[in-house]
Amino acid sequence: RSLKDAIEDFKNGPSTEPASEDISMDVDLCPKPEIVKVTHFPKENTDMISMKFGEGHLQPAYVIYVIDVSGSMGSSLPSLASGESEETGLTILDGVKYTIIVNVECMNKDDTLVLIKYSTEAQIIYEGNMTQSGKTDAKRIINSLKPENQTNIYKGIETALNHHKAKPTPNQLKYIFLLTDGEE
């Protein structure tokens, strides 16, 4: 099977065939996605697929990214294939920024994004809805992140949890993502 076939299968949604004689489901639990971007990494012989689910299919989200910007995030990004550091000119923080930006592009106008950066201290650096202008502002802030100081993961988590508790969002699902290399 080719990657193209796998993408087509995924785009077409779950199979209507029962998994076994005992299990049958005719409810569409997975909205059909739109392929936003396919990135090929020739050295690693790997493809990364970014997808977007159509508007109105999912409950709005309140997404908090807690981003480690400590000095160790300036280390070389490990190879996807070998896990070894290679001189690609990319840092771990570059990989984190790319990941967040791809997710921002997939967010809908009713979704809210919160960015918290942490190193020695933690700071909320962005909060807003993901309208086109909100996405532009968020991407500008994400791209401006630079490695600094030491790792204080507790401060990042504490800031996210306090913010999470303080913001009533009855119509949004809340998510917190901690992005770190786990190094000091």
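The model shown is predicted, which means the values in this text are computed figures rather than measured ones.

So, the packing of aromatic side chains
Then, in step 1: Scanning the model with the defined rule gives two aromatic pairs in all.
Then, in step 2: Aromatic side chains Tyr65 and Phe177 sit 5.3 Å apart centroid to centroid with 25° between the ring planes, which places their arrangement in the stacked category. Of this pair, Tyr65 sits in strand β3 (residues 61-68) while Phe177 sits in strand β6 (residues 173-179), placing them 112 residues apart in sequence.
Then, in step 3: Taking relative accessible area as the criterion, Tyr65 reaches 6% and is therefore assigned buried.
Then, in step 4: In this structure Phe177 comes out as partly exposed when scored by relative accessible area, which is 37%.
Then, in step 5: Consider the rings of Tyr175 and Phe177, whose centres lie 6.3 Å apart with planes at 15°: the pair is stacked.
Then, in step 6: A relative accessible area of 35% places Tyr175 in the partly exposed class.

Describing helix α3 (residues 132-143)
Then, in step 1: Taking 1.5 Å of rise per residue, the 12 residues of α3 would be expected to cover 16 Å, and the 17 Å separating its terminal C-alpha atoms lies within 8% of that figure.
Then, in step 2: Along α3, the positions that sit buried rather than exposed are Gly134, Lys135, Ala138, Ile141 and Ile142. One side of α3 holds all its buried residues, which, seen down the axis, span an arc of 130°. The exposed residues of α3 that point more than 90 degrees off its buried face are Gln132, Ser133 and Arg140.
Then, in step 3: On its buried face, α3 sits against α2 (92-106), β4 (112-118) and β5 (122-129).

Conventions adopted
Residues numbered from 1 in each chain as written. Predicted model: local features only at pLDDT ≥ 70, side-chain atom pairs only at ≥ 80, totals over all residues. Heavy atoms only, no water. Phe/Tyr/Trp six-rings, centres within 6.5 Å; stacked < 30°, edge-to-face > 60°. Helix = DSSP H or I, 4+ residues; strand = E, 2+ residues; numbered from the N terminus. Buried < 20%, exposed > 50% of the residue type's maximum accessible area, 1.4 Å probe, protein only. Expected span 1.5 Å × (residues − 1). Arc of directions from axis to C-beta. Contact = heavy atoms within 4.5 Å.

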